[in-house]
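Chain residues, written in single-letter form:
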Amino acid sequence: MNLVVAGTGYVGLVTAVCLAEKGHKVTCVDVDEKKINLMREGKSPIYEEGLEELMHKNKEKLHYTTESGKAYQNADVIFIGVGTPEKKDGSANLKYVYDVAKEIAQNIQKDTYVVIKSTVPIGTNKKIEKYINANTTNGHTVEIISNPEFLSQGTAVRDTLHAQRIVLGANTEKAIQVMKQVYDQFGIEYVITNRESAEMIKYASNDFLALKISYINEIANLCEVVGADITDVAKGMGLDSRIGNKFLNAGIGYGGSCFPKDTKALHWLGNYYDYELKTVKAAIEVNENQKIKLIKKARKYYETFEGLNVAVLGLAFKPNTDDLREAPSLDCMPILLEDGAHIKAYDPVAQANYKKIYPTEIEYCNSIEDTLKDADICFIFTEWDFVKNMDTSLFVKYMKKPIILDGRNCFAIDKMEKEKLIYESIGRKAVTNLSC
Ligand code: UDX
């Protein structure tokens, strides 16, 4: 089969590489020539564990090009994996999907299957099919299949090769058969449905997980006041198989490229149909407050951050990624900077991207020790292994005032109780072994 993937971001590139790993010949199309050249050299434009190795292993089966028209001409199946970013009003921006659709319409030389992997509002697959079929130049038609992805950044390759389900939304049995041929070697259970349900499965899954996080964060906030411990509470809840133990980690809220935009897009869509999704709205509101929770906690110790040395460990929205989209650190940093703090930050992977946003305002470090040196307070925004495994006595050794505000519950309370410091985390008792 001749497979083409449009878009080489997290979804597109990972899909293409995993399809190649399972034996297909895949052409990756992108408008960004720099990215294409990089991939031709065997380098991944995104930081994703195992991806570059698989690109290398399957280099004979992977082709990269900016010549989309040519690629679409003889494709049997075209996957659309381009971004659907958030518009100002919260709705999904489908510009990039339509750009690809237009090119497909202008170039196909035979009837073609088009698979939408991008997260698109319910009803979009149908609209795109109508759009392409109304605009093809030589009478050929396409059939659109909805095939949402559920990969997480950092574990994208594993999540794709060992997905828990392959969702296929299609109108005809023939289309399902073609997709089963594509995914034949994956050995994963299918959920076969109509296109609207497939589109909804994606949004409903992401929004449910976001809701689960906001729920546990609210419970955590209450735990702090009533003297309960969120780690124990989450464990006790999670052992109930109806609840499950995943996505019950309390913290400073969800970020990333999916949950924030997908909650807003579904909420927007509900309102469009005159139905307010109150639970989703609550998840969004709780998350907005949660992202700046550490700053609120810090105000107990310092009314202003003016002239203070502030240490920051972790900048990415979660560990094992260099992605900063909707990272809670980006909500807190402007507040600290506006107050006039002197910030030293360390994130071995994401700080290169941070530098593009704050090239001079922040001092970037190369070690925990340098970051903590003479600090009046330390914020932990990401639960990287380098943080979780660090020697906690370094806080006392290097900081001027060892006040640590941990947004990701990286350390055990009993461990921190042995140190002469102040340690506050999320939903757990505060350690105050230091007078301020
Ligand atoms: C998510 C979905 O998991 C994935 O299925 C979908 O395809 C894309 O969106 P991703 O954004 O890569 O993936 O990361 P994920 O691991 O789900 O984490 C999202 C955010 O939630 C992160 O900021 C993370 O820190 C936060 N989170 C996650 C919590 O705060 N607590 C948890 O228990 C889990």
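Residues numbered from 1 in each chain as written. Predicted model: local features only at pLDDT ≥ 70, side-chain atom pairs only at ≥ 80, totals over all residues. Heavy atoms only, no water.

Engineer: Is there a simple way to explain the overall build of the protein in this structure?
Structural biologist: The helix and strand inventory of the protein stands at 19 helices and 15 strands. Projected onto its principal axes, the C-alpha positions of the protein cover 80 × 45 × 40 Å. For the protein, the residues scored as buried account for 54% of the 436 residues in total. Within the protein, counting contacts between residues at least 6 apart in sequence, those at least 24 apart form 70% of the total. Carbon and sulfur atoms provide 49% of the accessible area of the protein, an area that totals close to 19,800 Å². (Helix = DSSP H or I, 4+ residues; strand = E, 2+ residues; numbered from the N terminus. Buried < 20%, exposed > 50% of the residue type's maximum accessible area, 1.4 Å probe, protein only. Contact = heavy atoms within 4.5 Å. Areas by Shrake-Rupley, 256 points an atom, 1.4 Å probe, with all protein chains shown as cover.)

Engineer: Is there a simple way to explain the domain arrangement of the protein in this structure?
Structural biologist: Where the parts come together, the accessible area they lose is often given as the size of the interface. Assigned domains within the protein: domain 1 (2-193), domain 2 (201-290) and domain 3 (293-432). Once you take the C-alpha centre of each, domain 1 and domain 2 turn out to be 29 Å apart. Taken together, the two surfaces of domain 1 and domain 2 that pack against each other cover about 1,300 Å², and 63% of this comes from carbon and sulfur. Looking at the side of domain 1 facing domain 2, the largest losses of area belong to Glu86, Thr119 and Ile122, adding up to 35% of the total buried there. (Domains from an automatic or database assignment. Buried area = accessible area lost by both parts, 1.4 Å probe.)

Engineer: What should I look at first to understand empty space enclosed by the protein in this one?
Structural biologist: By rolling a water-sized probe across the atoms, one finds the places where empty space is left. Counted by the stated rule, this structure contains 1 cavity of 30 Å³ or more. Taken as a whole, the largest cavity holds about 50 Å³ of empty space. Lining the largest cavity are Ile116, Ser118, Thr119, Val120, Asn125, Ser146, Pro148, Glu199 and Lys202. Residues that form the lining of the largest cavity fall into these classes: 3 nonpolar, 4 polar and 2 charged. (1 Å grid on protein atoms, 1.4 Å probe; cavity = no way out; pocket = protein on both sides within 12 Å on 5 of 7 lines; lining within 4 Å. Points joined across faces, edges and corners; volume = space filled by probe spheres on them. Nonpolar A, V, L, I, M, F, W, Y, C, P; charged D, E, K, R; others polar.)

Engineer: Help me understand the pairing of strand 10 (residues 342-346) in this model?
Structural biologist: The two faces of a sheet get side chains in turn, since along a regular strand they alternate between them. Most of strand 10 is tucked away, with 4 of its 5 residues classed as buried. Here strand 9 (residues 309-313) runs beside strand 10; their pairing, made up of 5 bridges, is parallel. When the bridges of strand 10 are listed, Asn309 appears paired with His342. Between strand 9 and its parallel partner strand 10, the chain crosses via helix 14 (residues 328-339), and the hand of that crossover is right-handed. Note: strand 10 against strand 11 (residues 362-364), 3 bridges, orientation parallel. (Pairing = 2+ DSSP bridges. Right-handed = clockwise from strand over helix to strand, strands pointing away.)

Engineer: Can you help me understand the sheet that holds strand 14 (residues 422-424) in this one?
Structural biologist: Ordered by their spatial adjacency, 7 strands build an open sheet running 11-10-9-12-13-14-15, and the pairing between neighbours is mixed. Taken across any chain shown, the strands that pair with only one partner, and hence form the sheet edges, are strand 11 and strand 15 (431-432). Relative to strand 13 (residues 403-406), strand 12 (residues 377-380) runs parallel, the two sharing 3 bridges. Of the residues in strand 13, the one forming a bridge with Phe379 is Leu405.

Engineer: Please clarify how the layout of surface pockets should be interpreted in this entry.
Structural biologist: Taken as a whole, the second largest pocket encloses approximately 250 Å³ of empty space. Lining the second largest pocket are 15 residues; nearest its centre among them are Leu94, Pro121, Lys127, Trp268 and Leu269. Secondary structure elements with two or more residues in the lining of the second largest pocket: helix 6 (124-135) and helix 11 (259-272). The element best represented in the lining of the second largest pocket is helix 11, accounting for 4 residues. Tallied by class, the residues present in the lining of the second largest pocket amount to 10 nonpolar, 2 polar and 3 charged. Two domains share the lining of the second largest pocket, each providing at least three of its residues, namely domain 1 (2-193) and domain 2 (201-290).

Engineer: Could you clarify how one ought to interpret the pattern of salt bridges in this entry?
Structural biologist: Opposite charge on two side chains allows them to pair when their charged atoms are near. Across all of its chains, the model carries 24 salt bridges by this definition. Between Lys95 and Asp99 there is a salt bridge, with its nearest N and O atoms 2.8 Å apart. One end of the pair is Lys95 and the other is Asp99, both in helix 5 (residues 95-107) and 4 residues apart, which spans about a single turn. Residue classification places Lys95 among the partly exposed positions, given a relative accessible area of 45%. Across the salt bridge formed by Glu383 and Arg408, the nearest N and O atoms sit 3.7 Å from each other. Remark: Arg408 occurs in the loop between strand 13 and helix 19 (413-416) and Glu383 occurs in the loop between strand 12 and helix 17 (385-388); sequence separation between them is 25 residues. Because the salt bridges share partners, they merge into one network encompassing Glu224, Lys293, Lys297, Lys300 and Glu424. (Salt bridge = Lys/Arg side-chain N within 4 Å of Asp/Glu carboxyl O.)

Engineer: I keep staring at unusual backbone geometry and nothing clicks. Help me out?
Structural biologist: Excluding glycine, residues mostly carry a negative phi; peptide bonds, for their part, are mostly trans. Backbone geometry at Phe247 places phi at a positive 55°, although glycine is not the residue there. Mapping Phe247 onto the fold places it in the loop between helix 10 (230-238) and helix 11. Positive phi, close to 65°, is recorded for Asp274, a residue that is not glycine. Within the secondary structure, Asp274 sits in the loop between helix 11 and helix 12 (278-290). A relative accessible area of 72% places Asp274 in the exposed class.

Engineer: Please explain the state of the cysteines as it appears in this structure.
Structural biologist: Here, disulfide denotes a covalent bond that connects the sulfur atoms of two cysteines. The final tally for this structure, using the stated rule, is 0 disulfides. Distance from the sulfur of Cys258, which forms no disulfide, to the nearest cysteine sulfur (Cys18) is 16 Å. Using a relative accessible area of 23% as the deciding quantity, one classes Cys258 as partly exposed. Cys365 carries a free sulfur, and the closest cysteine sulfur to it, the one in Cys378, is 11 Å from it. (Disulfide = S-S within 2.5 Å.)

Engineer: Would you mind showing me how to read the site of the ligand here?
Structural biologist: Around the ligand sit 19 residues, and of these Phe150, Leu151, Gln153, Asn249 and Gly255 come closest. Separating an oxygen atom of the ligand from a side-chain N or O atom of Arg408 is a distance of 3.4 Å. Burial of the ligand by the surrounding chains reaches 91%, relative to a free accessible area of 660 Å². The element best represented in the shell around the ligand is helix 9 (residues 195-226), accounting for 3 residues. (Near = heavy atom within 4 Å. Polar contact = N/O pair within 3.5 Å; in protein donor to acceptor, adjacent residues only side chain to side chain.)

Engineer: Where do I start with the nonpolar core in this structure?
Structural biologist: Nonpolar side chains tend toward joint burial in soluble globular proteins. Leu313, Leu372, Phe379 and Phe395 are the most contacted members of the largest nonpolar core, which has 62 residues in total. Each of domain 2 (201-290) and domain 3 (293-432) accounts for three or more of the residues forming this core. Apart from the residues within four sequence positions on either side, Phe395 is in contact with Leu313, Leu372, Cys378, Ile380, Met390, Pro402, Ile404, Phe411, Met416 and Leu421. Counting residues in hydrophobic clusters, the runner-up holds 40 residues, among them Leu3, Cys18, Val26 and Leu62. (Core = buried A, V, L, I, M, F, W, Y, C linked by side-chain atoms within 4.5 Å.)

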